[in-house]
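Remarks on the overall topology
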Amino acid sequence: MLSRRSLLSASTALGAASQVAAQSPKNIVISSANGLTCCEVAMAHLERGKDTLDAVIAGVNVNELDPEDNSVGYGGLPNEEGVVELDASVMHGPTRRAGSVGSIRNIKTPSKVARLVMEETKHIMLVGDNALRFAKSYGFKEEDLLTEKSRLAWLVWKRGSSNWNGSMGKPSARLKTLFPEVDDQLLAWAEFKAMYPPTGTINCLALNGKGEMSGTTTTSGLAWKIPGRVGDSPIIGAGLFVDQDTGAAGSTGLGEENIRVCGAHTIVENMRHGMSPKDACLDTLKRIARNYNNNMTELAKFDINFYALRKDGVYAGAALWSGRRSSQGFTSPKFAVNDGGKSRLEECVFLFERK
Ligand code: GLY
């Protein structure tokens, strides 16, 4: 059962929901909070009359190529063997098509490969070595995606895993000896990532003035995962869903929880049946809570966010918890919005208040 306090939190959050009531479609791009620049790039494409799928892919390419975004593309945190494996999906509303790649290595921009799967094949999803082979056949260059920063975080994590002499959460005196050239701030970051494996990801959804919609989700997935683990991002209906008649939705956070409720599809179906984007997201978060019989101790172990953009331009971002764990402590969950000009961060509504 939800506590009265939790329900109150949710209803308070509803009041503060980030929504705009648009009469007729106009250019709008929304994304997870790491997408401020992504949304600006996507909006610039929409303003030049480019297709909505061109726009969102150009947007997330910024994060895929950014070595400082450790949850996406180049610089993403690796699997337990120190190898970066990426997942991505795309959906094009006007043609009602989709494509995705899972567990692909050595390609910096998996969203572009997902698009090629959609456009050039009769399939929806390619995975692993064969996804890589497919990408190479279209001229994609193989590159090492592990940056020095991500390698450091992986080594710190490895010291805390079972076969190694280390312990996570201990002061970094030994780490200082091992990595004398690394400054304290970077070591503290690496320790945090080792202790709390992130599931970052970027989801980006776009609507243009003609009412056309597209979306993409791209990620390096759960850090330190078992090689071959595929999360929700490339699963059409979980990490991403676009229905040209209704709207679009996507997710970031722990993919396993999202897959179990087919989150993005559930949100779009909720909107189709009349729910606002905000209520559609909250209802889907409640299904995740229900999978744990609303056990707060279990639910507190992970974060998950949803993003929804309806065909009329109404949008929302929603989080399971009011506080999102970061190396700076708990911060309020946000998402990025661009409806022309500079992007801004807006508050997500949330289901439970983190104490
Ligand atoms: N949502 C990203 C993942 O779990 O892989």
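Definitions and limits used
- Residues numbered from 1 in each chain as written.
- Predicted model: local features only at pLDDT ≥ 70, side-chain atom pairs only at ≥ 80, totals over all residues.
- Heavy atoms only, no water.
- Helix = DSSP H or I, 4+ residues; strand = E, 2+ residues; numbered from the N terminus.
- Buried < 20%, exposed > 50% of the residue type's maximum accessible area, 1.4 Å probe, protein only.
- Salt bridge = Lys/Arg side-chain N within 4 Å of Asp/Glu carboxyl O.
- Patch = residues over 30% accessible without salt bridge, like charges linked within 9 Å, V, L, I, M, F, W, Y side chains within 5 Å.
- Areas by Shrake-Rupley, 256 points an atom, 1.4 Å probe, with all protein chains shown as cover.
- Near = heavy atom within 4 Å.
- Polar contact = N/O pair within 3.5 Å; in protein donor to acceptor, adjacent residues only side chain to side chain.
- Nonpolar A, V, L, I, M, F, W, Y, C, P; charged D, E, K, R; others polar.
- Axes fitted to C-alpha atoms, helices over the stretch in contact; angles between N-to-C directions.
- Parallel < 35°, antiparallel > 145°, perpendicular 65-115°, else oblique.
- Left-handed = near helix turned anticlockwise from the far one by under 90°.
- Contact = heavy atoms within 4.5 Å.
- pLDDT = per-residue confidence, 0-100.
- Phe/Tyr/Trp six-rings, centres within 6.5 Å; stacked < 30°, edge-to-face > 60°.
- Lys NZ or Arg CZ within 6 Å of the ring centre and 35° of its normal.
- Core = buried A, V, L, I, M, F, W, Y, C linked by side-chain atoms within 4.5 Å.

1. Comments concerning the environment of Thr147
By the secondary structure assignment, Thr147 is in the loop between α5 (128-137) and α6 (148-160). Thr147 gets classed as buried once you look at its relative accessible area, which sits at 10%.

2. Focus on the pattern of salt bridges
A pair can form between side chains of opposite charge whenever their charged atoms are brought close. All told, the structure shown has 23 salt bridges when counted by the stated rule. For the salt bridge of Glu68 with Lys149, the shortest nitrogen-to-oxygen distance reads 2.9 Å. Placement of Glu68 in the loop between α3 (52-65) and β2 (86-92) and of Lys149 in helix α6 is noted, with a sequence separation of 81 residues between them. Residue class for Glu68 comes out exposed when judged on its relative accessible area of 52%. Residue Lys149 is classed as partly exposed on the basis of its relative accessible area of 22%. The salt bridge partner of Asp243 is Arg272, with a shortest N-O separation of 2.4 Å. Of the two residues, Asp243 sits in strand β7 (residues 240-243) while Arg272 sits in helix α10 (residues 263-272), which places them 29 residues apart along the sequence. With relative accessibility at 37%, the residue Arg272 sits in the partly exposed group. Through salt bridges that share partners, Arg96, Asp243, Asp245, Glu269 and Arg272 make up one connected network.

3. Observations regarding a nonpolar patch on the surface
A cluster of nonpolar side chains, contributed by Ile124, Met125 and Val127, occupies part of the molecular surface with about 240 Å² of accessible area. Relative to the helices and strands, Ile124 is located in the loop between α4 (110-120) and β4 (125-127).

4. Some remarks on the site of the ligand
Around the ligand, a shell composed of Thr201, Gly221, Leu222, Arg229, Gly231, Asp232, Ser233, Gly253, Leu254 and Gly255 is seen. A distance of 2.7 Å separates an oxygen atom of the ligand from a polar atom in the side chain of Arg229. Residue Asp232 places a side-chain N or O atom 2.7 Å away from a nitrogen atom belonging to the ligand. In terms of residue class, the shell around the ligand is made up of two nonpolar, six polar and two charged.

5. Brief notes about the packing of α10 against helix α11 (residues 277-290)
Each pair of packed helices can be described by the angle between their axes along with the distance between the axes. Where α10 contacts α11, the two axes come as close as 8 Å, and the packing angle between them is 135°. Taken together, α10 and α11 sit at an angle that is classed as oblique. Crossing of α10 over α11 shows right-handed handedness. Contacts from Gly263, Thr266, Ile267, Asn270 and Met271 of α10 reach α11 at Pro277, Ala280, Cys281, Asp283, Thr284 and Arg287. When the residues that make up the contact of α10 with α11 are grouped by side-chain class, the tally is five nonpolar, four polar and two charged.

6. Looking at the confidence of the model for the protein chain
Chain-level statistics for the protein chain give a pLDDT mean of 89 and a share of 89% at 70 or above. Across residues 1-21, confidence stays below pLDDT 50; counting only partners more than four residues off in sequence or on other chains, it has 37 contacts.

7. Considerations on the environment of Phe352
Tracing the backbone through its elements, the reader meets Phe352 in strand β15 (residues 349-352). Remark: the alpha-carbon pair of Phe352 and Ala319, spanning 33 residues in sequence, is separated by 8.4 Å.

8. What to know about the packing of aromatic side chains
Applying the stated criterion across every chain, the model contains five aromatic pairs. Look at Phe134 and Tyr138: their rings are 5.1 Å apart centre to centre, the planes differ by 55°, and that puts the pair in the tilted class. The exposure class of Tyr138 is partly exposed, given its relative accessible area of 40%. For the ring pair Trp321 and Phe352, a centre distance of 5.4 Å and an interplane angle of 50° mean the geometry is tilted. With Trp321 in strand β10 (residues 315-321) and Phe352 in strand β15, this residue pair connects regions lying 31 residues apart in the sequence. Assigned by exposure class, Trp321 and Phe352 land together as buried. In this structure, Lys108 is placed above the aromatic ring of Tyr74, and the distance from its NZ or CZ to the ring centre is 4.2 Å.

9. Focus: the nonpolar core
Ranked by internal contacts, the top residues of the largest apolar core, which has 42 residues, are Ile30, Ile267, Leu285, Ile288, Leu299, Leu309 and Leu320. Among the elements that make up this core, the one with the highest residue count is α11 (six residues). Ignoring any residue separated from it by four or fewer positions in sequence, one finds Leu299 in contact with Ile288, Ala289, Tyr292, Asn294, Leu320, Trp321 and Phe352. Core analysis: the next-biggest nonpolar cluster, separate from the first, contains 19 residues, Val29, Ala42, Ile202 and Ala336 among them.

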